[in-house]
Amino acid sequence: MPDVWIPAQMQRITGAPDRVQVEGATVRQVINNLERMHPGMKELLYDEELDDITPGLAVIVDGDVSQLGLMERVSEDSEMHFLPAIGGG
Amino acid sequence: MPDYTPNMVLTSDKEYKVVGTRPIRHDGADKVTGLARYSADLNLPGMLYGKVLRSPHAHARIRSIDTSKAEAVPGVRAVVTGSDIVEPTGRASDLAEGAMINFKFLSNNIMAQDKALYKGHAIAAVAAVNAHLAEEALSRIEVEYEVLPPVMHAREAMADEATLIHERLAAFHTAGTRAGGVLDDDDDSAGTNVANHFEFRMGDMDAGFAEADVIVERSVSTSAVHQGYIEPHAGTAMWHDDGSLTIWSSSQGHFTVRDHTARLVGIPVSKVKAIPMEIGGGFGAKLAVYMEPVAALLARKAHAPVKLAMNRTEVFEATGPTSGTEISCKIGATNDGKITAAEVHLIFEAGAFPGSPVAGGANCVLAAYDIANTWIEGYDIVVNRPKTAAYRAPGSPAAAYCVEVALDELAEKLGIDAIDLRLMNSAREGTRRPTGPLTPKVGYVETLEATKSHPHYGAPKGKRHGRGVASGFWGNNTGPSAAVALVNPDGTVTLTEGSPDIGGTRASVSQQLAEVLGIPVEDVNPQIGDTDSIGFTSNTGGSSVTFKTGYAAYTAAQDVKQQMIARAARIWEVEAEDVLYEDGVLKHRADDQLQMTFQQLAARQVPTGGPIVGRGGVNPGGAGPCIGVHIVDVEVDEDTGKVEIVRYTAIQDAGKAIHPSYVEGQIQGGAVQGIGWALNEEYYTNDQGHMVNSSFLDYRMPTSLDLPMIDTCIVEVDNPNHPFGVRGVGEVPIVPPMAAIANAIYDAIGVRLTVLPMNPGNVLEALWEKNGK
């Protein structure tokens, strides 16, 4: 199962551990399953109106910032992080 | 004459015919002869001239605005205030590049609503038949202010009893990483000036510091500085009878201009065409819109085109500087130089609205090092200053200033060479970053080794000279991008791309197309398409264009290539798989009599199936991070405190330098901006929160007369996620200079400078303190 790293503040809010194994073949599925395991996570990670990752957040899958967001496919041994979306100058 | 190579390229194994060469830029002649048209150069029949009334106070409630006397001035055609602009809710939305923007705050920044939040905040705007009448009308607008105490510094804003800048600001600590928004109507939480507080933790800090033999603690502060582009912001807007709007402006992303203007004037994006003009510098601050929506509002009221252009004082007072900061760190290491733990605390001033680059600082500050135990926290604080904007590697330079000075102290205490210490602790492919993800293929070690072996590093120092080194990291960025290649009958290619060209990217993108097609880059005619002429392309920022738009051009070229193979097969009556495309020549695999050049086939394209149009629409991942390492020699005048740069070398991984001269130019430009940030530049404000040095006479940026040649060394460790191995290059060179210079000053006079700028006054004060005066 994909290995999801939970940011420190989200751990405090939801009681989730720093890392959790979550089923799912896409980022969307992982977030939905994460919500079942730790209620409150989806509200932090997902913007319902945009149907997208929360603005300002980036999802990193296997070391790269995902360009497909919720649609990004993840594998059994994938590693996922949610980090600030960094722009540039 | 130097006994070294001023600019060198440590070339990767792959060799190309066009990539890696140094052609003359396509837009060069127009730019040096004055033919190129920048934002304020546009003039339209019947065009009006706009001017903006700005707040004389850093913090004030707006009791009333009476524009009637201004409207009565003959020749005045329109007046707008905050009541004319769409004010969205505080819901966060997303910049295409990924940095968050909140449209309520954007709207309030472009035109104040109930409060003026910084000196220079736009209050109203006028359009008139000439600029003089517009200025006269501004003087007749009557604004009643209730002046409030300004909150100018982060620590003051964070205090329990601090005056609130936004009564309803929501602290978004809960979302972990994003900056604040507005409290919901039914939320009775107290307001705050702390828009965000986040942290990243890895490992066990107590155990890490317990393992250390030596611990260094360092605190620094930096002043707000401006990006300092030569071309002020300007924009022209014209409405059409069908309700559509055309905007001309220079920006770092005309799709952002289109999208943000549409939102703030309340029309669909399909009704807005944004036409990019040439840009005279941006460095991050032209990612935001300021003038375009106001010009559009004035033009709509006046039923005539309106041009708005800032002067230099407006640029300083009302557009994004980067943050003033307070940063502290604590780093522990064993006697043999292994860093066992590091913590960094970052406090960034966001300006009047949330969204400083503190997350960028946190992401970058320890990213190039392999440290098992780390703690990084960041604060985003609103103050009564102009809203900060991105500035070249946003967040990273100030953060690196603190940590890279601390590493110099650590190296000294341990008796280890400064580069060796960094090499011993350098991240490599597979190292876990403090923010969590694993490091991809990088060239950190190669760049440090190139620094150590550079002639400058081992050269004898001059009398009274000090030498310093520092490293800097930037992750680089990517995003969606589009390119279209039209094959012309004479064998040339017209390349339309979606990225505004700030740093020579017409050439670097064209080179990638030419390499694939095997044609001279001079046969490519690049142009920047408007928002109706090319697919959505994210901003020219994050050092992304040569990576992402180069990728789009590569894809378009591959499309052209496949179409040309099919056309040759049709002409020769063979199968397409029997046709080869090599170096701009189409060949039959078995019959060497069947050959045709790109130019010959281009001439036959129409009768063989119609025009050949190559398309590239991409959103590539994997923009490779890089580091830069700078070596600087300084001479310090201990009587005046003046610091002179006597030699400077910048070493940087470029992945693959598509156009080495422009990579060198980016490195040199970034280094010079960093030197200005280090030694001279600051927003100097009085006790009322007014900037008192808002001109280039008083805001001292370095010129060519102040500096030696900035020598460069390009290291090429290819990025596996790009067809030619490109990494972004434009931002990282501004990261190391402050720390490198501070370390050099210490080497020269034995004083650690912990406040920027390190101007003569601050140097003398530090010297006096050291000498007990």
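Calculation notes
Here the residue index of a chain counts from 1 through its sequence in written order. Numbering of ligands from 1 and lettering of chains from A proceed in the order in which they are written. Totals for whole chains, interfaces and linings use all residues, but because this is a predicted model, local features are given only for residues with pLDDT of at least 70 and pairs of side-chain atoms are given and counted only at 80 or more. Only runs of H or I of at least four residues qualify as helices and only runs of E of at least two qualify as strands under DSSP, and these elements are numbered from the N terminus. Note on method: radius of gyration uses C-alpha positions; expected globular size equals 2.2 Å times residues raised to 0.38. Backbone-placed C-beta atoms define the burial measure: a residue is buried with 20 or more other C-beta atoms within 10 Å of its own, exposed with 12 or fewer, and partly exposed in between. Residues are treated as contacting if the C-beta atoms built from their backbones sit within 7 Å of each other. Where helices are involved, their axes are fitted lines through C-alpha atoms of the stretch in contact, as for all axes, and angles between N-to-C directions lie from 0 to 180°. By definition in this entry, angles of less than 35 degrees are roughly parallel, angles greater than 145 are roughly antiparallel, angles of 65 to 115 are roughly perpendicular, and the rest are oblique. Left-handed describes a crossing whose near helix is turned anticlockwise from the far helix through less than a right angle; right-handed describes the clockwise counterpart. In this classification, the charged set is Asp, Glu, Lys and Arg, the nonpolar set is Ala, Val, Leu, Ile, Met, Phe, Trp, Tyr, Cys and Pro, and all remaining amino acids, among them Gly, are polar. Note that domain bounds follow an automatic or database assignment of domains. Here, expected helix span is obtained from the residue count minus one, scaled by 1.5 Å. Only when DSSP finds a minimum of two bridges between them are two strands counted as paired. By convention the nonpolar core is taken to be a set of buried residues drawn from Ala, Val, Leu, Ile, Met, Phe, Trp, Tyr and Cys and joined through C-beta atoms within 7 Å.

**Overview of the overall build of chain B**
- Along its length, chain B carries 20 helices and 31 strands.
- Taken over C-alpha atoms, the radius of gyration comes to 27 Å for chain B, in line with the 28 Å a tight globule of 773 residues would show.
- By principal-axis analysis of the C-alpha atoms, chain B measures approximately 85 × 75 × 55 Å.
- Residues counted as buried form 59% of the 773 residues belonging to chain B.
- Long-range pairs, those at least 24 residues apart, make up 80% of the contacts in chain B with a sequence separation of at least 6.

**Side note on the packing of helix α7 (residues 254-265) of chain B against helix α8 (residues 292-302) of chain B**
Residue and element names in this part refer to chain B.
- The interhelical angle for the contact between α7 and α8, taken along N-to-C directions, is 45°, at an axis separation of 9 Å. If you check the angle between α7 and α8, you find them oblique. Crossing hand, α7 versus α8: right-handed. Across the interface between the two elements, V257, T261, L264 and V265 of α7 pack against E292, P293, A296 and L297 of α8.
- In terms of residue class, the contact of α7 with α8 is built from 6 nonpolar, 1 polar and 1 charged.

**Examining the domain arrangement of chain B**
Residues and elements named next belong to chain B.
- For chain B, the assigned domains read domain 1 (1-10 + 451-474 + 625-773) and domain 2 (481-618).
- Using C-alpha coordinates to define each centre, domain 1 is positioned 40 Å away from domain 2.
- Listed by partner, the interface residues are 14 residues for domain 1 and 14 residues for domain 2.
- Per-element accounting of the side of domain 1 that touches domain 2 gives the leading share, 3 residues, to helix α18 (residues 660-679).
- Along the lines of polarity and charge, the residues of the side of domain 1 that touches domain 2 split into 7 nonpolar, 6 polar and 1 charged.

**Details of α18 of chain B**
- With 20 residues, α18 of chain B extends 28 Å between its outermost C-alpha atoms, agreeing within 8% with the 28 Å of an ideal straight helix rising 1.5 Å per residue.
- Counting buried positions along α18 of chain B gives 16 out of 20 residues, so the element sits mostly inside the fold.

**Focus: the pairing of strand β25 (residues 579-582) of chain B**
Residues and elements named next belong to chain B.
- Burial along β25 is one-sided: the face carrying V579 and Y581 is buried and the face carrying L580 and E582 is not.
- Pairing analysis gives 4 bridges linking β25 to strand β26 (residues 585-588), with the strands arranged antiparallel. Bridged to Y581 within β26 is L586.
- In sequence, β25 turns back onto β26 through a hairpin of 2 residues, with D583 there showing a positive phi of about 50°.

**Some points on the nonpolar core**
Residue and element names in this part refer to chain B.
- V294, L298, I381, L513, I741 and I745 are the most contacted members of the largest nonpolar core, which has 263 residues in total.
- Take this core: its biggest share by element is 11 residues, from helix α11 (residues 396-414).
- Every residue in contact with L298, bar those within four places of it in the chain, is listed here: G50, A78, V80, A125, A127 and V306.

**Points about the sheet that holds strand β7 (residues 79-84) of chain A**
- Pairing within the open sheet is mixed, and its 5 strands lie in the order β2-β1-β7-β5-β6 (chain A). Pairing within the sheet leaves two strands with one partner each, and these edge strands are β2 (19-21) and β6 (64-65) of chain A.

**A word on unusual backbone geometry**
Residue and element names in this part refer to chain B.
- Residues L756 and P757 are joined by a peptide bond in cis, for which omega reads 0°.
- With respect to the secondary-structure elements, P757 resides in the loop between α19 (737-749) and α20 (760-770).
- One non-glycine residue with positive phi stands out, namely H303, at about 55°.
- Under the C-beta neighbour-count criterion, H303 is labelled exposed, with 11 such atoms within 10 Å.
- Of note, the phi angle at N476 is positive, near 65°, even though the residue is not glycine.
- Here N476 is to be found in the loop between β21 (465-474) and β22 (481-487).

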